[in-house]
Amino acid sequence: VFECIRTTTFKNIHFVALGDPVNTEIPNVSFIKSTSDERLLSIIYAAADAFLLPSREDNLPNMMLESLSCGIPVLATPIGGIIDTIETGFTGILSAEVSVSAIREILIEFDNGKFSFDNTAIRSFAVQNFDLSVQAKKYIKLYSDILS
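Every chain is numbered independently, its residues counted from 1 as its sequence is written. With the structure being a predicted model, the display of local features is reserved for residues of pLDDT at least 70 and the display and counting of side-chain atom pairs for 80 or more, all residues being used for whole-chain, interface and lining totals. As a convention, hydrogens and water are excluded, and side-chain values are obtained from all of the structure's heavy atoms.

K.L.:
Describe the overall build of the protein chain, and please don't skip the residues or the numbers.
P.N.:
The helix count covers DSSP runs of H or I at least four residues long, the strand count covers runs of E at least two residues long, and both are numbered beginning at the N terminus. Secondary structure summary: the protein chain contains seven helices and five strands in total. The burial tally for the protein chain puts 33% of its 148 residues in the buried class. Here, two residues are considered to be in contact whenever any of their heavy atoms come within 4.5 Å of each other. Across the protein chain, every contact between residues at least 6 apart in sequence was considered, and the portion connecting residues at least 24 apart equals 41%. For every accessible area listed, the method is Shrake-Rupley and the probe measures 1.4 Å; residues are considered covered only by the protein chains on display. With an accessible surface of roughly 9200 Å², the protein chain has 52% of that area assigned to carbon and sulfur atoms. Across the protein chain, 11 positive and 18 negative side-chain charges occur, with their mean positions spaced 3 Å apart. Only protein chains enter the accessibility calculation, which uses a 1.4 Å probe. A residue is then buried if its area is under 20% of the maximum for its type, exposed if over 50%, and partly exposed in between. Only four residue types enter the tally: Lys and Arg on the positive side, Asp and Glu on the negative side, with His and both chain ends excluded. Where a charge sits is defined by one atom per residue type, namely NZ (Lys), CZ (Arg), CG (Asp) or CD (Glu).

See below:
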């Protein structure tokens, strides 16, 4: 992904990466040290316009759910539970495939303002589908159905 960022000119995007810098000479990228402080993480998510999730393998990543819970759209690759969660134009943008060129395409679409996102609707979607009480009820129903 850093190669995509390094070789593409974006008009309105500045990237913020959590963790130690891989290479500090990447244009338009700032690094923030990793943190496990949930309040600080929610502030970081809320300050973003979008969250980039370029996964090659994943199921239902917590980072995606955290971003959606903060009302932030997710730009992601079409794998695992991401496919069932990210709806292009509503909760984010799903790339056509898992490749650097496909990620570049969704970043360019986002940079050009192709989609307009409703942060309140994104947060509502996350709460309605992934709140812990909702998940607990689904597990109870699943186990009840199995035992019936």
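Read on for the rest.
K.L.:
A description of the packing of helix α3 (residues 62-69) against helix α6 (residues 119-130) should follow, citing residues and the corresponding values.
P.N.:
Fitted lines through C-alpha atoms serve as axes, helices being fitted only where they are in contact, and the angles separating the N-to-C directions of these axes extend from 0 to 180 degrees. For the pair α3 and α6, the least separation of the axes is 7 Å and the interaxial angle reads 125°. In this view, α3 runs oblique relative to α6, as classed from their interaxial angle. Of the residues in α6, those touching α3 at L65, L68 and S69 are I122, R123, F125, A126 and F130. Here the residues of the contact of α3 with α6 are counted per class, giving six nonpolar, one polar and one charged. For classification, angles of less than 35 degrees are called roughly parallel, those exceeding 145 degrees roughly antiparallel, those between 65 and 115 degrees roughly perpendicular, and all remaining angles oblique. Classification used: nonpolar for Ala, Val, Leu, Ile, Met, Phe, Trp, Tyr, Cys and Pro, charged for Asp, Glu, Lys and Arg, polar for all others including Gly.

K.L.:
Go over the packing of aromatic side chains with me, naming the residues and quoting the values.
P.N.:
Side-chain rings of Phe, Tyr and Trp (the six-membered ring for Trp) are treated as a pair once their centres are within 6.5 Å; stacked means planes under 30 degrees apart, edge-to-face means over 60, and tilted covers the remaining angles. Overall, the coordinates contain eight aromatic pairs when judged by the stated rule. In textbook terms, an aromatic cluster arises when at least three aromatic residues are bridged by ring pairs, as seen for F90, F125 and F130.

K.L.:
Just give me the short version of the sheet that holds strand β3 (residues 51-53), but keep the residues and values in it.
P.N.:
One requirement defines pairing of two strands: DSSP has to find at least two bridges between them. Ordered by their spatial adjacency, three strands build an open sheet running β3-β4-β5, and the pairing between neighbours is parallel. One side of each edge strand has no neighbouring strand; the edge strands of this open sheet are β3 and β5 (92-94). Mean inter-strand twist for the sheet, computed between neighbouring axes without regard to direction, equals 15°. Relative to β5, strand β4 (residues 74-76) is paired through three bridges, and the arrangement is parallel. Of the residues in β5, the one forming a bridge with L75 is I93.

K.L.:
I'd like to hear about the pairing of strand β1 (residues 15-18), residue by residue, with values.
P.N.:
On β1, burial follows the alternation: F15 and A17 on one face are buried, whereas V16 and L18 on the facing-out side are not. The pairing of β1 with strand β2 (residues 29-32) spans four bridges and is classified as parallel. Its bridge partner lying in β2, V16 is registered against S30.

K.L.:
So what's going on with α3? Which residues, and what values?
P.N.:
When we look at burial in α3, the residues that qualify are M64, L65, S67 and L68. Seen end-on, α3 carries its buried residues on one side only, within an arc spanning 160°. Packing partners of the buried residues in α3 comprise α2 (38-47), β3, β4, α4 (80-85) and α6. Phi for G71, located one or two positions after α3, is positive at around 80°. By definition, the arc is the one covered by directions from the helix axis to the C-beta atoms.

K.L.:
Mind laying out the environment of A50, listing which residues take part and the relevant values?
P.N.:
Inspection of the secondary structure puts A50 in the loop between α2 and β3. Taking the C-alpha atoms as reference, A50 lies 9.6 Å from F117; in sequence the two are 67 residues apart. Setting aside its immediate chain neighbours within four residues, A50 contacts I72, P73, L75 and F110.

K.L.:
Residue-level account of the pattern of salt bridges, with values.
P.N.:
Each salt bridge in this description consists of a side-chain nitrogen of Lys or Arg and a carboxyl oxygen of Asp or Glu lying within 4 Å of one another. Under the criterion given, the structure shown has three salt bridges. The closest approach of N and O atoms between R6 and E3, which form a salt bridge, is 3.3 Å. Placement of both R6 and E3 in helix α1 (residues 2-7) is noted, with a separation of three residues, approximately one turn of the helix. Assessed through its relative accessible area of 37%, R6 is described here as partly exposed. Across the salt bridge formed by E109 and K114, the nearest N and O atoms sit 3.4 Å from each other. Here E109 falls in the partly exposed class, since its relative accessible area comes to 23%. The class for K114 is exposed, based on a relative accessible area of 54%.

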